[in-house]
Amino acid sequence: MPDLAPSAPFVQEQDFSARQYRGKRENQEDYYAFADAAEPGETSLQRLLLVVGDGLGAHAGGSVASYVGVNAFVRAFHEHPGSQSFRLRTALDTSNETIGMITARMPSVAPPMGTTLLSVLVSRTQMEWISVGDSPLFLYRRGQLMRINADHSLTPILEERVRQGLLTAEEMANHPERHTLQSAVLGYPLALIDFPTEPMALQPGDIVIAASDGIFTLEHKALEELLSFGKHTTADKIADAILFAIRRINFDRQDNATVGVVKIN
């Protein structure tokens, strides 16, 4: 009788998806990419790389910057050997240098092109990330939504002033500089980088979301409640539902919104 036992354990592909919405802007200046980051001996897509760039709208070539920055990051990640952490940092530096080189060849472009950049490396047991700017990385676990990465806009500084009684919550909400970035990928030395030294452990049922700041049209509680239903469906339906909720609000200054979702099985 033939041996019907499989030669290797079956590994289900990761459940991941992304969606974009242009909002009220003339151009889509966000760009994202998924890439297979499986190491030798791992099944394809056991380790997934997701990179999101949000081109700076106030700068020339925001859409070009996000496209160039994300693609340079993915290419460098795959071309450089070493630990995952080393590859993430090297890829960020390469992305920054690439944008700097392109800007140097276009002296008529002022101010220089730039983008935020968020990259997250996800397996079934852990995730690592590196980010510059205000594009958020969220983790939804057991009914709670948490922002995981640092916000490099002026918002955290203004929030601290509210806590100190120096600003009211209304003044902060209407502050003209609350979205100004303290750090971005511009081809210059990077002022701030969020790059934890240790991976974060993941659990079955976790939902990882990497997005551009257009997602903030949804209040934290609304996004959390929406994800409470997402645990029963697929990543593509979660991404669709988030963008549907944003579109339904119909904010008259809606920014580009990009949402990348990875479900941990």
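Please refer to the structure placed before this passage.
Conventions used here
Residues numbered from 1 in each chain as written. Predicted model: local features only at pLDDT ≥ 70, side-chain atom pairs only at ≥ 80, totals over all residues. Heavy atoms only, no water. Helix = DSSP H or I, 4+ residues; strand = E, 2+ residues; numbered from the N terminus. Pairing = 2+ DSSP bridges. Axes fitted to C-alpha atoms, helices over the stretch in contact; angles between N-to-C directions. Contact = heavy atoms within 4.5 Å. Buried < 20%, exposed > 50% of the residue type's maximum accessible area, 1.4 Å probe, protein only.

Visitor: Any chance you could explain unusual backbone geometry here in plain terms?
Guide: A negative phi holds for most residues other than glycine; trans holds for most peptide bonds. You will see that leucine 45, though not glycine, has its phi angle at about 70 degrees, which is positive. Within the fold, leucine 45 resides in the loop between β2 (30-36) and β3 (48-55). One non-glycine residue, arginine 142, lies in positive phi territory at about 50 degrees. Tracing the sequence through the fold places arginine 142 in the loop between β6 (137-141) and β7 (144-147).

Visitor: I would appreciate a short explanation of the sheet that holds β7 in the present structure.
Guide: Strands belonging to one sheet form pairs held by backbone hydrogen bonds; the direction of such a pair is parallel or antiparallel. Spatially, the 5 strands line up as an open sheet ordered β1-β10-β9-β6-β7, and their pairing is antiparallel. Strands with a single pairing partner mark the edges of an open sheet, and in this sheet they are β1 (15-21) and β7. Across the sheet, the mean angle separating the axes of adjacent strands is 20 degrees when strand polarity is ignored. Strand direction decides the pairing type here: strand β9 (residues 207-211) and strand β10 (residues 257-263), joined by 5 bridges, are antiparallel. Residue pairing across strands places valine 208 opposite valine 262, the latter belonging to β10. On the sheet, helix α5 (residues 220-230) packs against β6, β7, β9 and β10 and is oriented at approximately 125 degrees with respect to β7. Docked against the sheet, helix α6 (residues 235-249) engages β1, β9 and β10, running at close to 25 degrees with respect to β1.

Visitor: Any chance you could explain the pairing of β9 here in plain terms?
Guide: Strand residues, when the strand is regular, have side chains that alternate between the two faces of the sheet. Within β9, 5 of the 5 residues are buried, which leaves the element mostly enclosed by the surrounding structure. Residues Ile207, Ile209 and Ala211 of β9 are buried on one face, and the alternating residues Val208 and Ala210, pointing to the opposite face, are buried as well. In this sheet, β9 lies alongside β6 in antiparallel orientation, the contact comprising 4 bridges. By the bridge assignment, phenylalanine 138 is partnered in β9 with isoleucine 209.

Visitor: Please clarify how the sheet that holds strand β4 (residues 115-122) should be interpreted in this entry.
Guide: What the 5 strands build is an open sheet, ordered β2-β3-β4-β5-β8; its pairing is antiparallel. In the strand order of this sheet, the two ends are held by β2 and β8 (200-201), each with one partner. Relative to β4, β3 runs antiparallel, the two sharing 8 bridges. Directly across from glycine 55, in β4, lies its bridge partner threonine 115. Where helix α1 (residues 62-79) meets the sheet, it contacts β2, β3, β4 and β5 (126-132), and its direction lies at approximately 155 degrees from that of β3. Against the sheet, helix α2 (residues 84-104) makes contact with β3, β4 and β5, and its axis sits at roughly 25 degrees relative to β5, the strand it touches most.

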